[in-house]
Amino acid sequence: MNKTAERVMPIVFGIAGIALWQASVWKFQVPAYVLPSPIAIVQAYISDYGTLNAALLSTLTVTIAALLASAALGVALALAMAASDLARAAIQPWAVILQVTPVVAIAPLIIIWVNQPFLALVVCATIVAFFPVLSNTAAGLAATPRDLLDLFRLNGATRLQTLMLLRLPAALPFFLAGLRISGTLALVGAVVAEFVAGSGGFASGLAYRILEAGYRLQIPRMFAALVLLGLAGIVIYAALGLFSHLMLRRRDAA
Amino acid sequence: MIKVSGVSKRFPNGTVALDAVTTDIGRGDFVALLGPSGCGKSTLLRLIAGLERPSEGQITWADGAPKPGEIGFVFQDSTLMPWASAAENVFLPLKLRRKSRAATAGDVQAALAQVGLTDFANSKPAALSGGMKMRVSIARALVSRPKLLLMDEPFAALDEFTRHRLQEDLRDLWRRSGNTIIFVTHSIYEAAYLATRVQVMSARPGRISATIACDIADTADRRTAPDYIALVKQLSDMLRLEFST
Ligand SMILES: Nc1ncnc2c1ncn2[C@@H]1O[C@H](COP(=O)(O)OP(=O)(O)O)[C@@H](O)[C@H]1O
Ligand SMILES: [Mg+2]
């Protein structure tokens, strides 16, 4: 199988699936409140794109803020863990506890404690998203080749030099792989947090629109919001892939 | 130049890697440390480099402990930084000591020329063969004009043709430069070919069991010279004896 075919296949598969979906809805006269047809979903989007786009923007803002926070927090904690075994011992169990606790369970508390709505959503999404950056970066920092560390020592390198010239560049691919996973998790986290926050007054994201459409039985509109969410996920994943590529190219241009 | 007296090394897990090793390295020596794997060759090299501390005994330098950059180390793997060019990798030891790139460009070039890689200064490690990567690694060790060059089985992972070329070039380099070299190997042929002195090590606990001076006349066909063949035979007999007991 050649490369072009590999690229085109997902699109062909998607179009075939949508066509089959549309045909089935027509053929079996499925009511829109059970399963709306693709055309009905597009119509729902067109009739309400102002609200839906604003909701998408709101969710994306939370996602991106949470991703930036995850990157900063993950790298900072990984550096602390690499610098001292005591810090590692102190941080590791808590990071795991935060990771395994379902955010749905702690989100209500966070929303009560952090009374600034945007910030509360970002905190929730960050809790969901930061772990892959932390664990990948920590693994990358720990996997620095021993021989190179010895070489740096023999030449009297300072800790800062070892960090900037060796450990960080060596850990970069690990960090970027973690960041890519965190990107999609940040979106999941943002949506879950919006669901929990519900109609708490400040909700304006896609999850809130999905809930709202559900209450009003506007099923095509609900699907339109879902499609936007899926597209946002794909775009975030692809954008972070491109970012990785550029960062590694920049490092290797030295 | 370096005196190793009664040096033992016991690791925290209880392994005794070296037991009362004593030897003397003179300026301009090319010493081969020959022994089976696990006998403590790398450990002795790391102790001399100051990367580990002896549990007992002392390592003393005639003209004071080496300063950063005064020991060149070549590892079994070329351990280049994959994101940096050959020249950038060779420049590293100077960069770490805050030498300016412009002022040392000549040194980097000279080091690359010494290993025959002038034309590959801007190549990334991924674009170089195993032998060329090892050459870059040797240039990196030479660039700071070290007092002592330590090499830990540097050619063990290379194919035979490449290994022979690198052995020949290393010997030429040593004759021209007068460097002091300690070369770890588990190959009798390599030790006999390269060194002016072979120190045979035995395992468990690691110690130096014999020291053999090699005076092979430097002829063009060193690998077939009678002296070389006699030395190989002597070393083989010695190691066979070592392992039959
Ligand atoms: N950091 C270490 N901790 C514990 N044991 C070690 C360590 N380094 C080496 N050893 C042990 O010391 C012995 C000698 O190792 P080494 O010097 O690497 O041998 P060689 O280089 O001759 O193969 C081996 O048994 C090895 O397992
Ligand atoms: Mg070894």
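The structure contained in this document is the topic of the report that follows. (Residues numbered from 1 in each chain as written. Chains lettered and ligands numbered in written order. Predicted model: local features only at pLDDT ≥ 70, side-chain atom pairs only at ≥ 80, totals over all residues. Heavy atoms only, no water.)

**Considerations on the interface of chain B and chain A**
Step number 1: Taken together, the contact pairs 22 residues of chain B with 21 residues of chain A.
Step number 2: In this assembly, chain B packs against chain A so that about 2,000 Å² is buried in total across both faces, 61% of it on carbon and sulfur atoms.
Step number 3: The interface formed by chain B and chain A holds 1 salt bridge in total.
Step number 4: The salt bridge partner of Arg46(B) is Asp150(A), with a shortest N-O separation of 2.5 Å.
Step number 5: The tally of links from chain B across to chain A stands at 5 residue pairs in polar contact (both at pLDDT 80 or more). (Contact = heavy atoms within 4.5 Å. Buried area = accessible area lost by both parts, 1.4 Å probe. Salt bridge = Lys/Arg side-chain N within 4 Å of Asp/Glu carboxyl O. Polar contact = N/O pair within 3.5 Å; in protein donor to acceptor, adjacent residues only side chain to side chain.)

**Notes on the site of ligand 1**
Residues and elements named next belong to chain B.
Step number 1: Around ligand 1, the neighbouring residues are Phe11, Asn13, Thr15, Ala17, Pro36, Ser37, Gly38, Cys39, Gly40, Lys41, Ser42 and Thr43.
Step number 2: In this structure, Cys39 approaches ligand 1 through a main-chain N or O atom, which is 3.2 Å from an oxygen atom.
Step number 3: When the free accessible area of ligand 1 is taken as 570 Å², the share hidden by the protein chains comes to 66%.
Step number 4: Looking at side-chain class alone, the shell around ligand 1 contains 4 nonpolar, 7 polar and 1 charged residues. (Near = heavy atom within 4 Å. Areas by Shrake-Rupley, 256 points an atom, 1.4 Å probe, with all protein chains shown as cover. Nonpolar A, V, L, I, M, F, W, Y, C, P; charged D, E, K, R; others polar.)

**Some words on the state of the cysteines**
All names here are of chain B.
Step number 1: Evaluated as defined, the whole model comprises 0 disulfides over all chains.
Step number 2: Free cysteine: Cys39, not disulfide-bonded; nearest cysteine sulfur from Cys214 at 17 Å.
Step number 3: Given the relative accessible area of 10%, Cys214 is considered buried. (Disulfide = S-S within 2.5 Å. Buried < 20%, exposed > 50% of the residue type's maximum accessible area, 1.4 Å probe, protein only.)

**Re the environment of Tyr193(B)**
All names here are of chain B.
Step number 1: Checked against the element boundaries, Tyr193 lands in helix α6 (residues 188–194).
Step number 2: Residue classification places Tyr193 among the buried positions, given a relative accessible area of 7%.
Step number 3: C-alpha of Tyr193 to C-alpha of Thr118: the two residues are 75 residues apart in sequence and 27 Å apart in space.
Step number 4: Setting aside its immediate chain neighbours within four residues, Tyr193 contacts Gln167, Glu168, Arg171, Arg222, Arg223 and Tyr228. (Helix = DSSP H or I, 4+ residues; strand = E, 2+ residues; numbered from the N terminus.)

**Some words on the packing of aromatic side chains**
Step number 1: All chains considered together, the criterion is met by 7 aromatic pairs over all chains.
Step number 2: In this arrangement the basic side chain of Arg180(A) is found over the ring face of Tyr237(A), its NZ or CZ atom lying 4.0 Å from the centre.
Step number 3: Here the guanidinium or amino end of Arg222(B) rests over the ring plane of Tyr193(B), the centre of that ring lying 5.5 Å away. (Phe/Tyr/Trp six-rings, centres within 6.5 Å; stacked < 30°, edge-to-face > 60°. Lys NZ or Arg CZ within 6 Å of the ring centre and 35° of its normal.)

**Points about the side chain of Ser144(B)**
Residues and elements named next belong to chain B.
Step number 1: Positionally, Ser144 belongs in the loop between α4 (130–142) and β6 (148–152).
Step number 2: Among the polar contacts listed, one links the side chain of Ser144 to the backbone oxygen of Gly69, at a separation of 3.0 Å.
Step number 3: Leaving out residues up to four positions away in the same chain, Ser144 has contacts with Gly69, Leu94 and Arg97.

**Focus: the sheet that holds strand β7 (residues 180–185) of chain B**
Residue and element names in this part refer to chain B.
Step number 1: Here we have 6 strands laid out as an open sheet, ordered β5-β6-β7-β3-β8-β9, and mixed in their pairing. Among the strands making up the open sheet, the edge pair consists of β5 (71–74) and β9 (207–213). Averaged over neighbouring strand pairs, the angle between their axes works out to 15 degrees when direction is ignored.
Step number 2: The strands that α4 touches are β5 and β6; relative to β5, the one it contacts most, it runs at about 170 degrees. (Pairing = 2+ DSSP bridges. Axes fitted to C-alpha atoms, helices over the stretch in contact; angles between N-to-C directions.)

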